[in-house]
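Take a look at the letters that make up each chain.
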Amino acid sequence: MIGVRKYVWLLVTVACFACNKEQKVREIPVNDFFKTQDKAIYRLSPNGKYLSYLTIIDKNQYLIVEDLEHGTQTKISKLEERNISFYYWVSNQEILYYKEKEGSRFQTDLYIVNKDGTDERLLNADAKSKIRLLEDQLIDDKFLLVTSNKRDSTIFDVYRLNVRDGKMTIAAKNPGNFTNWLTDSKGKLRMAISTDGVNESVWYRENENKPFKKIITNNFKTTLQPVAFAEQDANTFYAISNVNRDKNALVEIDCTNGKEKSVLFSNDTLNVVEAQYSKRRGKMDFVIYETWKKEKHYLDEESKKLYHKLEKLIPEAESRIIHQDKNEQLFIIRTFTDRSPGAYYLYYAKNNSLKKLSDINSSIKEEEMCEMKPISYITADGFKINGYLTLPLGVKPKNLPVVVMPHNGPGQRNVWGFNADVQFLANRGYAVLQVNYRGSIGYGKEFYAAGFKEWGLKIQQDVDAGVKWLIDQKIADPQRVAIYGNGFGGLIAINNAVANSKMYKCAAANTGILNLFSYLKAIPPFLTSKLQMYYEVVGNPDKDAEYMRQASPVFHADKVKIPLFITQNPKDPRINGNDAVQFVKELKKLGKPVTYLEKEDSRSVLNREEARKKSYAALELFLIENLNKR
């Protein structure tokens with residue numbers, strides 16, 4: 001039986017929040033919550049001798065390499081108009097990185113540079129296609145496996161990219177429905193995932209000279225996520241799977257027939273969300289399961305000892321290993337809590353010591369932030385809904401103004417940890433309710449499937465039930481409840497403005513989905529193979545037109561009865577910017593109160609930061625005006 005760390009659900013009492021005594025709380029400047037990290041994306045060279053990271057100096061972005069032995073630093077690349085979106089060490093001497101183009105939907109400019117900044121070379125530039133690194137292991141000291149849709153915009157083939165001359169040659173041609181690929185520990189391409197839109201299949205080959213053979217097929221509602229090939233048995237792979245079970249487990253699968261051989265971790269009440277494999281030891285280290293927080297179950301004693309040492313060094317925070325050297329002796333650690341965005345550390349396993357690298361946001365003081373507590377409640381039709389409640393400091397938890405924040409989707413959830421949106425609103429005196437409505441991941445496939453085609457229907461009712469629960473607990477002032485969301489969370493928020501104006505006094509959406517028809521049309525070409533899956537989750541325009549119209553706020557401006565706040569980047573490829581413009585025009589024509597703000601279209605880190613500050617300041621004024629906050 002797995003020992004699970006105990007916790008107490010906040011259900012019927014507000015006693016858990018007795019620590020919220022009346023006190024004066026400093027109003028933190030809005031800019032402090034959303035500052036861009038001074039240093040980010042830390043990486044170690046394979047031999048562990050060099051540390052790299054991205055930083056902003058005088059409004060320009062730099063890639064820095066630090067010699068850990070001598071303490072010297074080298075500026076590898078300076079970018080003024082374009083930014084590095086991601087980078088990798090491909091050897092002890094070379095770094096591969098992407099440069100973003102302003103306003104470009106696809107990122108294909110791929111560069112390689114020596115660790116001392118010399119011999120920077122453009123490997124690939126194609127404005128019409130996308131390139132992704134499949135395996136960061138350098139083969140024969142010159143080849144990398146990458147995927148690209150240069151041959152056909154709707155599918156990704158696998159290529160061998162020669163980092164010496166930039167030439168790309170086909171390594172595996174996509175038959176038309178492959179959506180993912182997997183290599184073994186030696187960098188050999190041996191597995192692929194395909195979809196027909198609804199069913200997903202696993203394909204396997206013993207070596208690169210043989211054709212792929214289909215070994216498993218499941219409906220997309222079922223999870224079967226390959227993690228790694230077993231080092232001791234070439235015909236076995238590890239996978240996160242909920243085949244023939246509701247919750248995800250970690251299992252071993254026979255590559256020759258696709259059958260489950262053994263279960264490494266399974267629990268009827270716990271859902272595995274991640275699994276860590278050690279290339280050095282050729283073993284599974286641990287699985288991570290998620291209740292209201294993520295926790296580990298260890299499968300390897302060495303890994304267990306390592307994390308227990310880290311817990312003693314950093315007892316007051318959660319810690320995650322985000323990168324390591326090849327020999328697993330140096331580790332980059334990210335820490336955080338619900339009240340702190342955390343910091344980065346360099347951990348030396350040999351002498352069990354930590355070196356702090358940087359704070360993620362030095363403007364945030366943990367003692368000024370608010371606790372994120374787990375809650376749960378039961379809906380009218382018997383579903384248990386989980387979520388989080390964050391109460392403001394300095395006030396009694398009674399009759400508070402509330403901002404409800406439904407998460408984005410589909411296939412997402414709220415998680416425990418530092419959330420700048422939540423802390424900003426709590427600092428302004430609002431109780432913040434986050435709801436993992438049906439359709440959220442992490443609670444099993446039955447709960448996930450229960451949200452299909454329920455946008456504007458039962459999903460909305462799950463959120464409303466959370467507000468009713470807060471009112472029943474006397475925490476919420478029923479006359480001062482707002483709802484605010486991003487993406488599909490924005491869809492839920494605006495739908496509530498249409499359908500439930502008695503419960504909510506105002507609603508806000510940031511880059512909200514306002515039209516389900518437009519959302520499906522905006523799906524990029526390389527995801528068209530999954531279109532049938534989207535039809536099941538969101539709706540089929542041909543078969544479900546009436547439902548989709550009902551669930552799309554853009555068609556219901558005449559039914560809006562409360563003030564709205566809408567902000568968007570009109571050039572965001574994930575949405576149709578015209579939907580919001582038309583919706584706002586119609587609202588104004590009908591005399592409905594609406595605030596509309598367009599965010600700057602920029603990939604620049606600093607410009608994005610300025611756009612965030614502007615939109616959150618406007619949101620703050622909107623809430624003050626409409627919730628009559630005392």
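Residues numbered from 1 in each chain as written. Predicted model: local features only at pLDDT ≥ 70, side-chain atom pairs only at ≥ 80, totals over all residues. Heavy atoms only, no water.

A. Region of interest: the overall build of the protein chain. The helix and strand tally for the protein chain stands at 11 helices and 35 strands. Compactness check: the protein chain gives a C-alpha radius of gyration of 25 Å against a globular reference of 25 Å for 630 residues, within 12% of the reference. Structurally, the protein chain occupies a C-alpha span of about 65 × 55 × 55 Å along its principal axes. A burial count over the protein chain gives 56% of its 630 residues as buried. Across the protein chain, the fraction of contacts at a sequence separation of at least 24, relative to all contacts at a separation of at least 6, is 52%. On the protein chain, the mean spot of the 94 positive side-chain charges and the mean spot of the 78 negative ones are 2 Å from each other. (Helix = DSSP H or I, 4+ residues; strand = E, 2+ residues; numbered from the N terminus. Rg over C-alpha atoms; globule rule 2.2 N^0.38 Å. Buried < 20%, exposed > 50% of the residue type's maximum accessible area, 1.4 Å probe, protein only. Contact = heavy atoms within 4.5 Å. Lys, Arg positive; Asp, Glu negative; His and termini not counted. Charge placed at Lys NZ, Arg CZ, Asp CG, Glu CD.)

B. Examining helix H6 (residues 488-499) more closely. Its 12 residues give H6 an end-to-end C-alpha distance of 16 Å, which sits within 8% of 16 Å, the value for a rise of 1.5 Å per residue. With 11 of its 12 residues buried, H6 lies for the most part within the structure. All buried positions along H6 are accounted for by Phe488, Gly489, Gly490, Leu491, Ile492, Ala493, Ile494, Asn495, Asn496, Ala497 and Val498. (Expected span 1.5 Å × (residues − 1).)

C. How the structure looks around helix H2 (residues 301-313). Taking 1.5 Å per residue, 13 residues should reach 18 Å; H2 reaches 19 Å between its end C-alpha atoms and fits that length. Residues of H2 that are buried: Ser303, Leu306, Tyr307 and Leu310. Buried residues along H2 cover an arc of 90° about the axis, so they all sit on one side. Across H2 from its buried face, at more than 90 degrees, point the exposed residues Lys305 and Lys312. Elements that come into contact with the buried residues of H2 comprise strand E22 (283-290), strand E23 (294-298), strand E24 (318-324), strand E25 (330-336), strand E26 (343-348) and strand E27 (353-359). (Arc of directions from axis to C-beta.)

D. Spatial organisation of the sheet that holds strand E35 (residues 594-598). Spatial ordering of the open sheet is given by E28-E29-E31-E30-E32-E33-E34-E35, a layout of eight strands whose pairing is mixed. Whereas interior strands pair on both sides, the edge strands pair on one side only; in this sheet they are strand E28 (372-378) and E35. Ignoring which end each strand starts from, the neighbouring axes of this sheet average 20° apart. Sitting on the sheet, helix H5 (residues 458-472) is in contact with E28, strand E29 (384-390), strand E30 (400-406), strand E31 (431-436) and strand E32 (476-486), with an inclination near 105° to E28. Where helix H10 (residues 577-589) meets the sheet, its contacts fall on strand E34 (564-568) and E35, and the angle it forms with E34 comes to roughly 155°. (Pairing = 2+ DSSP bridges. Axes fitted to C-alpha atoms, helices over the stretch in contact; angles between N-to-C directions.)

E. How the structure looks around the side chain of Glu290. Along the chain, Glu290 turns up in strand E22. A residue is classified by how much of its surface remains accessible, and Glu290, at 8% relative accessible area, is buried. Those residues within four positions of Glu290 in sequence are excluded, and the remaining contacts are Asn271, Val273, Arg413, Val415 and Gly442.

F. Structural view of the packing of aromatic side chains. As enumerated under the stated definition, the model contains 36 aromatic pairs in all. With 6.0 Å between their ring centres and 75° between their planes, Phe286 and Tyr298 make a pair best called edge-to-face. With Phe286 in strand E22 and Tyr298 in strand E23, this residue pair connects regions lying 12 residues apart in the sequence. Each member of the pair, Phe286 as well as Tyr298, carries the same accessibility label: buried. Ring geometry for Phe286 against Tyr307: centres 5.3 Å apart, planes inclined by 85°, an arrangement best described as edge-to-face. Remark: Tyr307 occurs in helix H2 and Phe286 occurs in strand E22; sequence separation between them is 21 residues. The class of Tyr307 is buried, set by a relative accessible area of 5%. Ring pairs connect the aromatic residues Tyr437, Trp455, Phe488, Tyr519 and Tyr534, which therefore count as one cluster. The residue whose ring lies beneath Lys150 is Tyr159, and the NZ or CZ to ring-centre distance is 5.9 Å. (Phe/Tyr/Trp six-rings, centres within 6.5 Å; stacked < 30°, edge-to-face > 60°. Lys NZ or Arg CZ within 6 Å of the ring centre and 35° of its normal.)

G. Examining the pairing of strand E18 (residues 236-241) more closely. With respect to burial, E18 is a largely interior element, six of its six residues being buried. Alternating residues of E18 divide into Thr236, Tyr238 and Ile240 and Phe237, Ala239 and Ser241, and every residue in both groups is buried. By the bridge criterion, five bridges tie strand E17 (residues 224-229) to E18 in an arrangement that is antiparallel. Residue pairing for E18: Pro226 is matched across the bridge by Ala239. Following E17, the chain reverses through six residues before pairing antiparallel with E18. Inspection of the sheet shows E18 paired to strand E19 (residues 249-254) by six bridges, in the antiparallel sense.

H. Main features of the nonpolar core. Grouped together as the largest cluster of nonpolar side chains are 66 residues, with contacts concentrated most on Val404, Trp455, Tyr504, Leu516, Leu564 and Phe583. In this view, Val404 contacts Leu433, Val463, Val467, Val481, Ala482, Ile483, Tyr484 and Tyr504; residues no more than four positions away in its chain are not counted. Ile364, Met369, Phe424 and Val432 belong to the second-largest nonpolar core, a separate cluster that totals 24 residues. (Core = buried A, V, L, I, M, F, W, Y, C linked by side-chain atoms within 4.5 Å.)

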